[in-house]
Amino acid sequence: MEKTIDAGASRHLDHGISFAEAFRVWLRVAVLSFGGPAGQIAVMHRILVEEKNWISESRFLHALNYCMLLPGPEAQQLATYIGWLLHRTAGGIMAGGLFILPGIIAIMGLSYVYTAYGNVGFVEAVFFGLKAAVLAIVVHAVVRVGRRALRNRVMIALAAIAFVAIFFFNVPFPIIIIAAGLIGYLGAKSGRPEFAAIEHSGGKKTAAVDSLLGEELPEHVHPSVARALRVSSVWLLLWVVPVAVLLIGLGQANVFSQIALFFSKMAMVTFGGAYAVLAYVAQQAVEHYHWLQPREMLDGLGMAETTPGPLIMVLQFVGFMAAYRDPGALSPMVAATLGGLLATWVTFIPCFLWIFLGAPSIETLRGNKGLAGALSAITAAVVGVILNLSIWFGLHTLFRQTTPVRSFGLSFDMPVWGSLDVAAFVLAAAAATAIFRLNIGMLWVLAGSCAAGVALRFAGVV
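For every chain, the first residue of the written sequence is number 1, and numbering continues from 1 onward in sequence order. For this predicted model, a pLDDT threshold of at least 70 governs which residues receive local features, and a threshold of 80 or more governs which side-chain atom pairs are given and counted, while totals over whole chains, interfaces and linings are taken from all residues. Side-chain metrics rest on all non-hydrogen atoms present in the structure, leaving aside hydrogens and water.

Undergrad: Tell me about a nonpolar patch on the surface, and name the residues and values.
TA: To count toward a patch, a residue needs a relative accessible area over 30% and no salt bridge; like charges are then connected within 9 Å, while nonpolar side chains (Val, Leu, Ile, Met, Phe, Trp, Tyr) are connected within 5 Å. Each accessible area is a Shrake-Rupley estimate made with a 1.4 Å probe; only the visible protein chains count as cover when residues are assessed. In the sections that follow, a salt bridge refers to a side-chain nitrogen of Lys or Arg positioned within 4 Å of a carboxyl oxygen of Asp or Glu. Residues Phe 23, Leu 27, Val 31 and Leu 32 make up a contiguous nonpolar surface patch of roughly 310 Å² in combined accessible area. We count a stretch as a helix when DSSP gives it H or I for four or more residues in a row; a strand needs E for two or more, and each element gets its number in order from the N terminus. Looking at where Phe 23 falls in the secondary structure, it is placed in helix H1 (residues 19–31). The class for Phe 23 is partly exposed, based on a relative accessible area of 38%. Relative accessibility under 20% of the residue-type maximum defines a buried residue, over 50% an exposed one, and the middle range a partly exposed one, all with a 1.4 Å probe and only protein chains included.

As structure tokens, then:
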């Protein structure tokens, strides 16, 4: 890879921002990265664009649009991109690594508590409240993304088709995304205004990083075949070698091999953010691999919602539970720890590959109507996928039993109406009211729902 800068505070690039100063700022961003991708991107924008004036509004949004085209968590990739832009490869590793470090530590700690005390009444009550709040948060995500993405009838139709395809017919998520992207690309190339890029507004227009780039890009930003080969070889080895070693040494039936292979596949198809892919992950983890139960998947999502870092960190919990249930010769907790870290590794190593390989070419993508149209269509389809996720969560949160429907090409679960959990319904309705009507912050809603779950437990309701 290209030459990196010294990590000490004494060395600066032309913009005058030291590596040590950047470390402090990225650590601050990481600690404040609650609220899912929308909240995390807002935190980065406020600190980097408005407060520090390190990067311009236009370049920030251009980088964000690129990251939204990639598989994986766009907020973490945006941090990696900007860190690389400021301080080359070392800066990208620092920014992207710090962004997920608090979440790794927090999810691991909560996973220990969950497996050790998850069946204790108090802990069960906390997660009972969490699940109701998470349901309201996911519904809010549908509305939030939908308001921005479904701006005409074509986009509404794409979202509806995506929902019907994945919910009723179990069409694989990658097929939906590829089809939507192709439709958007062709629509934009044909000049259809419905597929035009979503406009952004607000923010400052000048920043330190613009003086760094200017009209002439710095050396490390220029794409080259030699550089692309170096980047690809290093990051592919970091990604592929551990997976290959596990497959060869332990075989495909081993849980660690399954974790490495499954989450490597997810790293390549997780377009549209965590909400979009979690339905597919939950389906495979619960129904195919039997690593955990539907309610445990909801518990893991609740953990990810309440901790800093990308929501996709819930995959660490899935890997943790998978290895905990099938530890082999290891103790359950040791196996679970390794399983959680392995899932995290194969999930996020590809994110660095996408950025370091593609970022030097991103400037050539400015104004590309075809790619803008593809992004718009994918975003619309993702709304339908998120709606599917919200209904899936709702079924397993509000009803104690569901009935599978598998006929005439249909493949979905119907609720058993008599199994409605009234307490969960009331909590979810209260959380939704707090979010939609009262505009109460997510953390307060989650905390209140947890407290309500404990109170209901003491009252003997749950």
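Undergrad: Outline H1, listing residues and values.
TA: The end-to-end C-alpha separation of H1 is 18 Å, in line with the 18 Å expected for 13 residues at 1.5 Å each. Looking only at H1, the buried set comprises Phe 19, Ala 22, Val 25, Trp 26, Val 29 and Ala 30. For H1, the angular spread of buried residues about the axis comes to 145°, placing them on one side. To estimate the expected span of a helix, subtract one from its residue number and multiply by 1.5 Å. It is the directions from the helix axis to the C-beta atoms that the arc portrays.

Undergrad: I'd like to hear about the pairing of strand S2 (residues 412–415), residue by residue, with values.
TA: We treat two strands as partners when DSSP finds at least two bridges between them. Of the pairings in the sheet, the one linking strand S1 (residues 402–405) to S2 comprises four bridges and is antiparallel in character. What sits directly across from Thr 402, in S2, is Pro 415. The loop that links S1 with its antiparallel partner S2 comprises six residues; one of these, Phe 408, has a positive phi angle of about 55°.

Undergrad: Talk me through the packing of aromatic side chains; I want residue IDs and the actual numbers.
TA: Ring pairs are drawn from Phe, Tyr and Trp, using the six-membered ring of Trp, whenever the two centres fall within 6.5 Å, and their geometry is named by plane angle: stacked under 30 degrees, edge-to-face over 60, tilted for the rest. Counting across every chain of the model gives 18 aromatic pairs. Each ring, one from Phe 262 and one from Tyr 289, has its centre 5.4 Å from the other, and the planes form 65°; the classification is edge-to-face. Taken together, the residues span a long stretch of sequence, with Phe 262 in helix H10 (residues 255–269) and Tyr 289 in the loop between helix H11 (274–288) and helix H12 (294–306) at a distance of 27 residues. Judged by its relative accessible area of 24%, Tyr 289 falls in the partly exposed class.

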